[in-house]
Amino acid sequence: MNDSQYETYDVGAAIDALRAALTVHGITLPSLGVDPLTLAARTTRPPLIALGNCNAATARRLAEALRPAAGG
């Protein structure tokens, strides 16, 4: 992605897409959202997405959901 694409990148849509994909696998990241520090930063880059804190069971479910995409 070049710098001009950062300005039009829809962080909200990315969060919604990730939340929907995780929901399909029964995974909820409670703090999934825009990182407030990078949102407040004065930069041309979009804010980062905070994936949120999760417990060990959620981390295992997330790993299980990702493993097939990695070929394992």
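The structure under discussion appears in the preceding block.
Everything numeric here is computed off the predicted structure, so don't read it as measured data.

(A) Examining the overall build of the chain more closely. Helices and strands together make up the secondary structure of the chain, namely 4 helices and 2 strands. Burial status across the chain gives 18% buried among its 72 residues. Counted over contacts in the chain with a minimum sequence separation of 6, partners at least 24 positions apart contribute 42%. Total accessible area on the chain is roughly 5300 Å²; 57% of this is exposed by carbon and sulfur atoms.

(B) Spotlight on the environment of proline 30. Looking at the secondary structure, you find proline 30 in the loop between α2 (11–24) and β1 (33–34). Remark: the alpha-carbon pair of proline 30 and glycine 52, spanning 22 residues in sequence, is separated by 6.2 Å.

(C) Seen up close, the pattern of salt bridges. The full count for this structure, using the stated rule, is 1 salt bridge. Put simply, aspartate 16 and arginine 19 hold a salt bridge, and the shortest N to O gap is 3.8 Å. Placement of the pair is aspartate 16 and arginine 19 together in helix α2, with a separation of 3 residues, close to one helical turn. When its relative accessible area of 37% is taken as the criterion, arginine 19 is described as partly exposed.

(D) Structural view of the side chain of aspartate 35. Considering the arrangement of structural elements, one finds aspartate 35 in the loop between β1 and α3 (36–40). One buried charge, aspartate 35, has no salt-bridge partner; the nearest side chain with opposite charge is arginine 45, at 13 Å. Ignoring sequence-local partners within four residues, the contact set of aspartate 35 consists of Pro47, Leu48 and Ala50.

(E) Quick look at α2. Over its 14 residues, α2 extends 20 Å from the first C-alpha to the last, a length consistent with the 20 Å expected when each residue adds 1.5 Å. What α2 keeps buried is the set Val11, Ala14, Ile15 and Leu22. One face of α2 carries all of its buried residues, which in axial projection span an arc of 100°. Pointing more than 90 degrees away from the buried face of α2 are the exposed residues Thr23 and Val24. Along its buried surface, α2 packs onto β1, β2 (49–50) and α4 (56–66). Where α2 begins, one side-chain oxygen reaches toward the backbone nitrogen of glycine 12, 3.1 Å away; that side chain belongs to aspartate 10. Glycine 26 lies just past α2 and shows a positive phi near 75°.

What counts, and where the lines are drawn
- Residues numbered from 1 in each chain as written.
- Predicted model: local features only at pLDDT ≥ 70, side-chain atom pairs only at ≥ 80, totals over all residues.
- Heavy atoms only, no water.
- Helix = DSSP H or I, 4+ residues; strand = E, 2+ residues; numbered from the N terminus.
- Buried < 20%, exposed > 50% of the residue type's maximum accessible area, 1.4 Å probe, protein only.
- Contact = heavy atoms within 4.5 Å.
- Areas by Shrake-Rupley, 256 points an atom, 1.4 Å probe, with all protein chains shown as cover.
- Salt bridge = Lys/Arg side-chain N within 4 Å of Asp/Glu carboxyl O.
- Lys, Arg positive; Asp, Glu negative; His and termini not counted.
- Expected span 1.5 Å × (residues − 1).
- Arc of directions from axis to C-beta.
- Polar contact = N/O pair within 3.5 Å; in protein donor to acceptor, adjacent residues only side chain to side chain.

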